[in-house]
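Geometric and topological summary
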Amino acid sequence: MDPEEDQKNKIDRPLPAGRISLQSAILLRWSLVPVCFGLSYCYGYAVSCSSVALILLTIIYNECGAHASNFVVRNLANALGFASFETGSTLVAGMN
């Protein structure tokens, strides 16, 4: 979310290192959303719901500005995101 900070502190990441352009990174990110939905659907309704929650929370965090918001909002979005990720992975791991 802050290219200048990444350029200074995280130069090994793909964007600051020039291994991928910003537009390509955005295209990759949004093209993976339907892939995520499709894979989640293969594992059932509960996993799909967990995936939808994680993607919505990611959008709230990044695009809606929760990352730069009040620390309570930021931490709540993070906590719910981790919870939805863990719920989905636990559901997948628990399948026969």
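This is a predicted model, so every value here is computed, not measured.

In terms of helices and strands, the chain carries five helices and zero strands. Walking the chain from its N terminus toward its C terminus, one meets helices and strands in the order α-α-α-α-α. Counting over 96 residues, the chain shows a buried share of 17%. Counted over contacts in the chain with a minimum sequence separation of 6, partners at least 24 positions apart contribute 44%. By element, 67% of the accessible surface of the chain is carried by carbon and sulfur atoms, the whole surface being about 7,000 Å². With 6 positive and 7 negative side-chain charges, the chain shows a spacing of 1 Å between the two charge centroids.

Moving on, we come to the layout of surface pockets. Of the pockets and cavities examined, the second largest pocket occupies roughly 210 Å³. Elements that contribute at least two residues to the lining of the second largest pocket include exactly helix H3 (22–42), helix H4 (45–62) and helix H5 (71–93). Taken together, the residues of the lining of the second largest pocket sort by class into seven nonpolar, six polar and no charged.

Enumeration over the complete set of coordinates arrives at one salt bridge. Between Glu 63 and Arg 29 there is a salt bridge, and its shortest N-O distance comes to 3.0 Å. Taken together, the residues span a long stretch of sequence, with Glu 63 in the loop between H4 and H5 and Arg 29 in helix H3 at a distance of 34 residues. For Glu 63, a relative accessible area of 44% puts it in the partly exposed group.

Turning to the packing of H3 against H4, a few remarks are in order. At a closest axis distance of 8 Å, the pairing of H3 and H4 adopts a crossing angle of 160°. By the angle between their directions, the pair H3 and H4 is classed as roughly antiparallel. Two packed elements cross with a definite hand, and for H3 against H4 that hand is right-handed. Here Arg 29, Trp 30, Val 33, Cys 36, Phe 37, Ser 40 and Tyr 41 of H3 come into contact with H4, specifically with Val 47, Ser 48, Ser 51, Val 52, Ile 55, Thr 58, Ile 59 and Asn 62.

Looking at where Leu 27 falls in the secondary structure, it is placed in helix H3. Classification of Leu 27 by relative accessible area gives exposed; the value is 61%. With 37 residues separating them along the chain, Leu 27 and Cys 64 place their C-alpha atoms 18 Å apart.

Further remarks concern the confidence of the model for the chain. Mean pLDDT over the chain stands at 89; residues scoring 70 or higher make up 97%. The spread of mean pLDDT over the elements of the chain runs between helix H1 (residues 3–9), the lowest at 78, and H5, the highest at 94.

Here Ser 40 is to be found in helix H3. In this structure the side chain of Ser 40 is engaged in a polar contact, spanning 2.5 Å, whose partner is the side chain of Ser 51. When residues no more than four places from it in sequence are discounted, the contact partners of Ser 40 are Val 47, Ser 48 and Ser 51.

Rules used in this analysis
- Residues numbered from 1 in each chain as written.
- Predicted model: local features only at pLDDT ≥ 70, side-chain atom pairs only at ≥ 80, totals over all residues.
- Heavy atoms only, no water.
- Helix = DSSP H or I, 4+ residues; strand = E, 2+ residues; numbered from the N terminus.
- Buried < 20%, exposed > 50% of the residue type's maximum accessible area, 1.4 Å probe, protein only.
- Contact = heavy atoms within 4.5 Å.
- Areas by Shrake-Rupley, 256 points an atom, 1.4 Å probe, with all protein chains shown as cover.
- Lys, Arg positive; Asp, Glu negative; His and termini not counted.
- Charge placed at Lys NZ, Arg CZ, Asp CG, Glu CD.
- 1 Å grid on protein atoms, 1.4 Å probe; cavity = no way out; pocket = protein on both sides within 12 Å on 5 of 7 lines; lining within 4 Å.
- Points joined across faces, edges and corners; volume = space filled by probe spheres on them.
- Nonpolar A, V, L, I, M, F, W, Y, C, P; charged D, E, K, R; others polar.
- Salt bridge = Lys/Arg side-chain N within 4 Å of Asp/Glu carboxyl O.
- Axes fitted to C-alpha atoms, helices over the stretch in contact; angles between N-to-C directions.
- Parallel < 35°, antiparallel > 145°, perpendicular 65-115°, else oblique.
- Left-handed = near helix turned anticlockwise from the far one by under 90°.
- pLDDT = per-residue confidence, 0-100.
- Polar contact = N/O pair within 3.5 Å; in protein donor to acceptor, adjacent residues only side chain to side chain.

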